[in-house]
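Here is what each chain is made of, one letter per residue.
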Amino acid sequence: MPDCPDTVADRRTPTVVGVVGAGLAACVAVGFGYASLIGTIATLRTVHVWVGTAWTALVLMYGFIVAPLLRERDTDGAYAIVGRLVPATIVLLPTLAVVTITAGVTMALTYEIVWPMTTLIRTVLGVAVAIAGIALLGVLPTDVLIYRELRSANPDPERVVSLGARTATLLTVQGALQVMMLFLMLRVAAMAG
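Residues numbered from 1 in each chain as written. Predicted model: local features only at pLDDT ≥ 70, side-chain atom pairs only at ≥ 80, totals over all residues. Heavy atoms only, no water.

### Thoughts on the overall build of the chain
Phase 1: A count of helical and extended segments in the chain gives five helices and zero strands.
Phase 2: Its helices and strands taken in sequence order, the chain reads α-α-α-α-α from the N to the C terminus.
Phase 3: Counting the 193 residues in the chain, one finds 41% classified as buried.
Phase 4: Within the chain, counting contacts between residues at least 6 apart in sequence, those at least 24 apart form 82% of the total.
Phase 5: Summed over all atoms, the accessible surface of the chain reaches about 10,200 Å², with 69% contributed by carbon and sulfur. (Helix = DSSP H or I, 4+ residues; strand = E, 2+ residues; numbered from the N terminus. Buried < 20%, exposed > 50% of the residue type's maximum accessible area, 1.4 Å probe, protein only. Contact = heavy atoms within 4.5 Å. Areas by Shrake-Rupley, 256 points an atom, 1.4 Å probe, with all protein chains shown as cover.)

### Remarks on the packing of helix α3 (residues 75-111) against helix α4 (residues 119-151)
Phase 1: Two elements in contact, α3 and α4, have axes separated by 9 Å at closest approach and are oriented at 145°. Crossing angle aside, the handedness with which α3 passes α4 is left-handed. Within the contact between the two elements, α3 uses Y79, V82, G83, V86, P87, T89, I90, P94, A97, V98 and I101 and α4 uses A132, A135, L136, L140, D143, V144, I146, Y147 and L150.
Phase 2: For the contact of α3 with α4, the per-class residue count stands at 17 nonpolar, two polar and one charged. (Axes fitted to C-alpha atoms, helices over the stretch in contact; angles between N-to-C directions. Left-handed = near helix turned anticlockwise from the far one by under 90°. Nonpolar A, V, L, I, M, F, W, Y, C, P; charged D, E, K, R; others polar.)

### Overview of the layout of surface pockets
Phase 1: Counted as a void, the largest pocket has a volume near 990 Å³.
Phase 2: H48, G104, M107, M181 and M185 are the residues nearest the centre of the largest pocket, which is lined by 33 residues in total.
Phase 3: The set of elements that each furnish at least two residues to the lining of the largest pocket consists of α2 (41-72), α3, α4 and α5 (157-192).
Phase 4: Residue composition of the lining of the largest pocket, grouped by class: 24 nonpolar, eight polar and one charged. (1 Å grid on protein atoms, 1.4 Å probe; cavity = no way out; pocket = protein on both sides within 12 Å on 5 of 7 lines; lining within 4 Å. Points joined across faces, edges and corners; volume = space filled by probe spheres on them.)

### Structural notes on empty space enclosed by the protein
Phase 1: Taken as a whole, this structure holds one cavity of 30 Å³ or more when the rule is applied.
Phase 2: Taken as a whole, the largest cavity holds about 70 Å³ of empty space.
Phase 3: W55, V59, L93, P94, A97, A135, V139, L140, D143, L171 and Q174 together form the lining of the largest cavity.
Phase 4: Of all the secondary-structure elements, those providing two or more residues to the lining of the largest cavity are α2, α3, α4 and α5.
Phase 5: At four residues, the largest contribution of residues to the lining of the largest cavity is made by α4.

### Examining the packing of α2 against α3
Phase 1: The contact between α2 and α3 brings their axes to 8 Å, and the two run at 150°. Overall, the two elements α2 and α3 adopt an arrangement that is roughly antiparallel. With respect to the hand of their crossing, α2 and α3 are arranged in left-handed fashion.
Phase 2: A breakdown of the residues in the contact of α2 with α3 according to their chemical character gives 26 nonpolar, six polar and one charged. (Parallel < 35°, antiparallel > 145°, perpendicular 65-115°, else oblique.)

Next comes the structure, spelled out in structure tokens:
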């Protein structure tokens, strides 16, 4: 496989991409820290909306653009794609998820929209739990397995591509749920006034 170096450590670009992804994640975490500790609820809302938008855009891109690319490519091509994406997304996507969800929960408690427990609120909570479950219990562990495989002395391209396809499938479902959540949140925002 001439286009696929042996390990992630042998490739400078994924390392740089991983550092950039970690840097972006750190900026998001600092922004959330500022908004929750020093800023107003309006600042927290802004962080929630912008970070949630970035998270949703990345999930949709991965699920609806990368997933078909992985299916169309041979093992070498798909291995190269997954090997470039995972080092950046392994830190960035979970950070975006945690910040978005935590800011949303904080706002819900601040605006006291959780009670009474209406059908709309139950639906929002159910979709939020599904999204968080997919992101933190499905995508993240799979990405860790991919990264460990890429860092191994003799990575198995078939395993990397198989795990990458699993991540892409999970992110396709998660992306659809996140779009549903956008519409639900518009209803909640209208309800909150």
